[in-house]
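What follows is the residue order along each chain.
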Amino acid sequence: MSQSRGDKSLTRVFVAAHSGGHIFPALELARRWRDESNNRKTVFITAGQAFVRLIPEIPPWIDKLFFLPQFRLPGKNPFRVIPFLLSGAFAALRSLLLFLFDRPEAVVTTGGVVAVPVCIVAWVLRIPVELWELNAVPGKAVRFLLPFASRVFFVFKKAKPKLSARAYCALELADYPVRFSEVSRSRDEIIAEFNETFCRSFSSDSKTVFVLGGSQGSCGLNKIFCNAVEKTKLDMQVVHQVGWQDQHDWKGFYESIDVPALVFQYKDSIEFFYGM
């Protein structure tokens, strides 16, 4: 499946796995690169259909969107080896056709298994590969792709030793690609608007905890936070993005412990909550 928009120009491909932790930073990197010049085109590759659930509409800075099959490492299960190899071969073939048609000047990835065949095909075609490791502990896909990379960025200093052991290029420390700018309004103003918008009664005198799940790690994060809230019983109010995979009655949970809360599965515009 693909969706396209715009004319041919200088092209860069961005690849991200199906989780929000991979997709959103990759989208921000694509936006920054696209905004530097009008004569640029971005191609975004991801796995499965999680992108559709996470992103209501294709961002205007994405000119072409490709979905590859979602596949995982086979681990120790021998029955998963053949499906894994077939999915990887299909992803590599689609990447080859895409690269021959669009001729990208670079491939940028935030990791995930889906990036492996895409980046290897790019390396074979002598297209520079740019890796972004966004975790303190480097992921398997990024570690595997290190020898094929022409540039490697990391955001946690703790990750550098494990990256430098396999990388053949210099490592560059970078800021996490966050898409929001600094909030300029006061906390009182933001909470007043929040209460009016969401019909809540949050107080400026209470601490606000923003729990930001949303994808693969949300269920585990939600459980940890639930246990912490029940044990500490702090005076607080909660904004909780629980993610689309968690079916627990979080609204009922917060009502049962008398904690003011806004609970939702996912919202694209969350910069509002950082100022609370």
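Everything below is about the structure printed above this text.
Bear in mind that the values here come from a model prediction, so they are computed numbers and not experimental data.

Is there a simple way to explain the overall build of the protein chain in this structure?
Along the protein chain, the regular secondary structure elements total nine helices and eleven strands. Radius of gyration (C-alpha) of the protein chain: 21 Å, near the 19 Å computed for a compact globule of 276 residues. Here the C-alpha coordinates of the protein chain stretch approximately 60 × 50 × 35 Å along the principal axes. Across the 276 residues in the protein chain, those meeting the buried criterion constitute 47%.

Hey, could you run me through the packing of helix 3 (residues 81-102) against helix 4 (residues 115-124) in this one?
Across the interface, helix 3 lies against helix 4 with an axial gap of 8 Å and an inter-helix angle of 45°. The angle between the axes of helix 3 and helix 4 places the two elements in the oblique class. You can see that helix 3 and helix 4 cross each other, and the crossing is right-handed. Each of Gly88, Ala91, Ala92, Ser95, Leu96 and Phe99 in helix 3 lies in contact with helix 4, whose residues at this interface are Pro117, Val118, Val121 and Ala122.

Explain the pairing of strand 4 (residues 64-68) here, please?
For a regular strand, side-chain orientation follows a simple rule: the groups alternate between the two sheet faces. Counting buried positions over the five residues of strand 4 gives five, a clear majority of the element. Side chains Lys64, Phe66 and Leu68 project from strand 4 onto one buried face, and the interleaved Leu65 and Phe67 project onto a second face that is buried too. Of the pairings in the sheet, the one linking strand 3 (residues 40-47) to strand 4 comprises five bridges and is parallel in character. Of the residues in strand 4, the one forming a bridge with Phe44 is Leu65.

Explanation requested: a nonpolar patch on the surface in the structure shown.
A contiguous nonpolar patch, built from Leu93, Leu96, Leu97, Leu100, Trp123, Val124 and Leu125 and spanning about 640 Å² of accessible area, is present on the exposed surface. It is helix 3 that provides the largest number of residues to the nonpolar patch, a total of four residues.

I keep staring at helix 8 (residues 218-232) and nothing clicks. Help me out?
Every α-helix winds through 3.6 residues per turn, so residues three or four apart in the chain are directed the same way. The terminal C-alpha atoms of helix 8 lie 21 Å apart, and with 15 residues this matches the ideal 21 Å at 1.5 Å per residue to within 8%. All of the buried residues along helix 8 are Ser218, Asn222, Phe225, Cys226 and Val229. Mapping the buried residues of helix 8 onto a view down its axis gives an arc of 110°, with all of them on the same face. Opposite the buried face of helix 8, by more than 90 degrees, sit the exposed residues Lys223, Ile224 and Lys231. Contact partners of the buried residues in helix 8: strand 9 (207-212), strand 10 (236-241) and helix 9 (250-256). Phi turns positive, to about 55°, at Lys233, one or two residues after helix 8.

Would you mind going over the sheet that holds strand 11 (residues 261-264) with me for this structure?
Within a sheet, each strand pairs with its neighbour through backbone hydrogen bonds, oriented either parallel or antiparallel. Pairing within the open sheet is parallel, and its three strands lie in the order 9-10-11. Edge positions in the sheet fall to strand 9 and strand 11, since each has one partner strand and no second. Between one strand and the next, the sheet's axes are offset by a mean angle of 10°, whatever the strand orientation. Examined bridge by bridge, strand 10 and strand 11 share four bridges and lie parallel to one another. Bridge pairing links Val238 to Ala261 in strand 11. Contacts from helix 8 reach strand 9 and strand 10 within the one sheet, and its direction differs from that of strand 10 by about 170°.

I'm lost on the packing of aromatic side chains in this one. Help?
For any pair of aromatic rings, geometry is given as the distance between the ring centres together with the angle between the planes. Inspection of the entire model under this criterion finds 16 aromatic pairs. Seen in terms of ring centroids, Phe210 and Phe273 are 5.5 Å apart; in terms of plane orientation they differ by 65°. Their pairing is edge-to-face. Of this pair, Phe210 sits in strand 9 while Phe273 sits in the segment after strand 11, placing them 63 residues apart in sequence. Owing to a relative accessible area of 4%, Phe273 belongs among the buried residues under this scheme.

Looking at this model, I keep getting lost on unusual backbone geometry. Mind explaining?
In terms of backbone geometry, most residues other than glycine have negative phi values and most peptide bonds are trans. Of note, the phi angle at Arg103 is positive, near 50°, even though the residue is not glycine. Among the structural elements, Arg103 can be located in the loop between helix 3 and strand 5 (106-109). For Arg103, a relative accessible area of 58% corresponds to the exposed category. In this structure, Arg126 takes a positive phi of about 65° despite not being glycine. Relative to the helices and strands, Arg126 is located in the loop between helix 4 and strand 6 (129-133).

How do you make sense of the nonpolar core when you look at a structure like this?
Ranked by internal contacts, the top residues of the largest apolar core, which has 35 residues, are Val15, Ile45, Phe99, Val107, Leu131, Val152 and Leu163. Those elements giving two or more residues to this core turn out to be strand 2 (10-16), strand 3, strand 4, helix 3, helix 4, strand 6, helix 5 (140-145) and strand 7 (151-154). Considering each element in turn, this core owes the most residues, six residues, to helix 4. In this view, Val152 contacts Leu131, Leu146, Leu163, Cys169, Ala170, Leu171 and Glu172; residues no more than four positions away in its chain are not counted. Within the second largest apolar cluster, 22 residues are counted, among which are Phe24, Trp33, Phe44 and Leu134.

So, how was this worked out
Residues numbered from 1 in each chain as written. Predicted model: local features only at pLDDT ≥ 70, side-chain atom pairs only at ≥ 80, totals over all residues. Heavy atoms only, no water. Helix = DSSP H or I, 4+ residues; strand = E, 2+ residues; numbered from the N terminus. Rg over C-alpha atoms; globule rule 2.2 N^0.38 Å. Buried < 20%, exposed > 50% of the residue type's maximum accessible area, 1.4 Å probe, protein only. Axes fitted to C-alpha atoms, helices over the stretch in contact; angles between N-to-C directions. Parallel < 35°, antiparallel > 145°, perpendicular 65-115°, else oblique. Left-handed = near helix turned anticlockwise from the far one by under 90°. Contact = heavy atoms within 4.5 Å. Pairing = 2+ DSSP bridges. Patch = residues over 30% accessible without salt bridge, like charges linked within 9 Å, V, L, I, M, F, W, Y side chains within 5 Å. Areas by Shrake-Rupley, 256 points an atom, 1.4 Å probe, with all protein chains shown as cover. Salt bridge = Lys/Arg side-chain N within 4 Å of Asp/Glu carboxyl O. Expected span 1.5 Å × (residues − 1). Arc of directions from axis to C-beta. Phe/Tyr/Trp six-rings, centres within 6.5 Å; stacked < 30°, edge-to-face > 60°. Core = buried A, V, L, I, M, F, W, Y, C linked by side-chain atoms within 4.5 Å.

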